[in-house]
Each structure stands twice: as C-alpha cells, then as structure tokens.
Amino acid sequence: MVQRSPAHRRALIVEDESLFAMSLAVDMQALGFDTCDLAANGQDAFLQAMENQPDIVLMDVNLEGGREGIEAARWLREVCDIPVVFVTAYTDPDTVERIHEQVPRAPVIAKPLYREYLAKAVAIAGEPW
C-alpha cells in the first residue's frame, strides 16, 4: 500500500450510481482525502488503482456492467494491497458473509446509514489485516 502524508490522501470510489458516488467523494474530502477518483465498474477500478495508487477503496457490491464488487475488491486488496470499505445496500447476512470470505475484515456500511459510520470504517480498513 502506498503511504502518503496525511495531507495527500487519495480515495477510489467504485460506485455505479453517480450521484451517490459524488456524495461519497464530498464526504471523503471532509475526512481529509484531497483526491477522490471515481469508477463505475471493476475494470475502471483496476485501471485507476494501478495508475493512481489510492490509499483506500470504497466499494459497492453490485456494479455497472455485471462486475461483482466483492471480486473486484478482493483483487484490489490482493494485487494492489489497498484497504477496502464496502458501502452497499446489500447488507443481508449471506452477502456480508461472502464479503468477509473474499475480503477478510473489510468494514461493511449500509448505504442509508453510511455517514454515521464512514470515518470509523475508513480508520478500521487502514489497519493491517
């Protein structure tokens, strides 16, 4: 994982709902992330992660183009060594179990409540796994 000074932190937001993605970007900037790259699918996320080396990824479970967000997150963590936080409407027990099987210890935040938990989840995700 790339370590930047706290003044130059970068987030990658992988979300196919553009208005929600922009809202997440504003919230991440409020948490001190000066750059927030946006991707609507796994392929764009992979390309941006390889090029821009984000400090953290915010990932939705269901993405545009049929790409499974859980698999994309697993790849980003394994290949790029990037911590991941899931921000998703899919927080049923089966989905959360699949997330934790593929991306152990990744925080999962329900979209309707994400603002209450975002800062804590970002801090937890940044801890060594």
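In the block above lies the structure referred to throughout.
These lines cover the structure that appears in this document, whether it is placed above or below. Think of each chain on its own: its residues are numbered from 1, step by step along the sequence as written. Given that this is a predicted model, residues contribute local features only at a pLDDT of at least 70 and side-chain atom pairs are listed and counted only at 80 or more, while totals for whole chains, interfaces and linings are drawn from all residues. Heavy atoms from the whole structure form the basis of all side-chain values; hydrogens and water molecules are not counted.

Digging into the packing of helix 3 (residues 69-80) against helix 4 (residues 93-102)
In a packed pair of helices, the relevant descriptors are the angle between the two axes and the axis-to-axis distance.
Stage number 1. Here an axis means a line fitted to C-alpha atoms, over the contact stretch when the element is a helix, while the angle between two N-to-C directions is reported on a 0 to 180 degree scale. Elements are defined by DSSP. Helices are runs of H or I of four residues or more, strands are runs of E of two residues or more, and each kind is numbered from the N terminus. In the contact formed by helix 3 and helix 4, the axes pass within 9 Å of each other and the chain directions differ by 20 degrees. In terms of orientation, helix 3 lies roughly parallel with respect to helix 4. Regarding helix 3 and helix 4, the two cross each other, and that crossing is right-handed. For the pair helix 3 and helix 4, the contacting residues are Ile70, Glu71 and Arg74 in the first and Thr95, Arg98, Ile99 and Gln102 in the second.
Stage number 2. Side-chain classes are defined by residue name, with Ala, Val, Leu, Ile, Met, Phe, Trp, Tyr, Cys and Pro counting as nonpolar, Asp, Glu, Lys and Arg as charged, and the others, Gly among them, as polar. A breakdown of the residues in the contact of helix 3 with helix 4 according to their chemical character gives 2 nonpolar, 2 polar and 3 charged. By definition in this entry, angles of less than 35 degrees are roughly parallel, angles greater than 145 are roughly antiparallel, angles of 65 to 115 are roughly perpendicular, and the rest are oblique. Should the near helix be turned anticlockwise from the far one by less than a right angle, the crossing is termed left-handed; should it be turned clockwise, right-handed. Residue contacts are counted whenever heavy atoms from the two residues lie within 4.5 Å of one another.

Some thoughts on the packing of aromatic side chains
Stage number 1. Only the six-membered ring of Trp is used, alongside the rings of Phe and Tyr, when aromatic pairs are assigned; centres must lie within 6.5 Å, and planes under 30 degrees apart are stacked while those over 60 apart are edge-to-face, with the rest tilted. With the rule as written, the count across this model stands at 1 aromatic pair.
Stage number 2. A cation over a ring is seen here: Arg9 above Phe33, with NZ or CZ 4.1 Å from the ring centre.
Stage number 3. Think of it as a cone above the ring: NZ of Lys or CZ of Arg counts as a charge over the ring if it is within 6 Å of the ring centre and within 35 degrees of the ring normal. Above the face of the Phe20 ring, Lys111 is positioned so that its terminal group lies 4.9 Å from the ring centre.

Overview of the sheet that holds strand 1 (residues 9-14)
Stage number 1. Think of it this way: DSSP has to see at least two bridges between two strands before they count as a pair. Across the sheet, 5 strands lie side by side as 2-1-3-4-5; this open sheet has parallel pairing. Each having just a single partner strand, strand 2 (33-39) and strand 5 (108-110) make up the two edges of the open sheet. Averaged over all pairs of adjacent strands, the angle between strand axes in this sheet comes to 20 degrees, irrespective of strand direction.
Stage number 2. Bridging between strand 3 (residues 56-59) and strand 4 (residues 84-88) involves 3 bridges; their strand directions are parallel. When the sheet's bridge partners are listed, Val57 is paired in strand 4 with Val84.
Stage number 3. Sheet strands touched by helix 3: strand 3 and strand 4. Its angle to strand 3, the strand with the most contacts, is close to 170 degrees.

Quick look at the pairing of strand 2
Stage number 1. For strand 1 and strand 2, the ladder comprises 6 bridges, and the chain directions are parallel. Its bridge partner lying in strand 2, Ile13 is registered against Leu38.
Stage number 2. At this point the chain moves from strand 1, through helix 1 (residues 18-30), to the parallel strand 2, and the crossover so formed is right-handed. Handedness is read with the strands pointing away from the viewer; a crossover is right-handed when the path from the first strand over the helix to the second is clockwise.

Quick look at the pattern of salt bridges
Stage number 1. Here, a salt bridge means any Lys or Arg side-chain nitrogen found within 4 Å of an Asp or Glu carboxyl oxygen. For the structure on display, the rule yields 7 salt bridges.
Stage number 2. Between Asp60 and Lys111 there is a salt bridge, and its shortest N-O distance comes to 3.3 Å. Of this pair, Asp60 sits in the loop between strand 3 and helix 3 while Lys111 sits in the loop between strand 5 and helix 5 (114-125), placing them 51 residues apart in sequence. Each of the two residues, Asp60 as well as Lys111, counts as buried. Summary of the burial criterion: residues with accessible area below 20% of their type's maximum are buried, those above 50% are exposed, and those between are partly exposed, where the area comes from a 1.4 Å probe applied to protein chains only.

Thoughts on the nonpolar core
Stage number 1. Counting residues in each nonpolar core, the largest one holds 21 residues, and the members touching the most others are Leu12, Val14, Val57, Met59, Leu76, Val84 and Phe86.
Stage number 2. Broken down by element, the residue count for this core peaks at 5 residues, all from helix 3.
Stage number 3. The criterion is simple. A nonpolar core is a set of buried Ala, Val, Leu, Ile, Met, Phe, Trp, Tyr and Cys residues joined through side-chain atoms within 4.5 Å. Within the second largest apolar cluster, 18 residues are counted, among which are Ala11, Phe20, Ala21 and Ile56.

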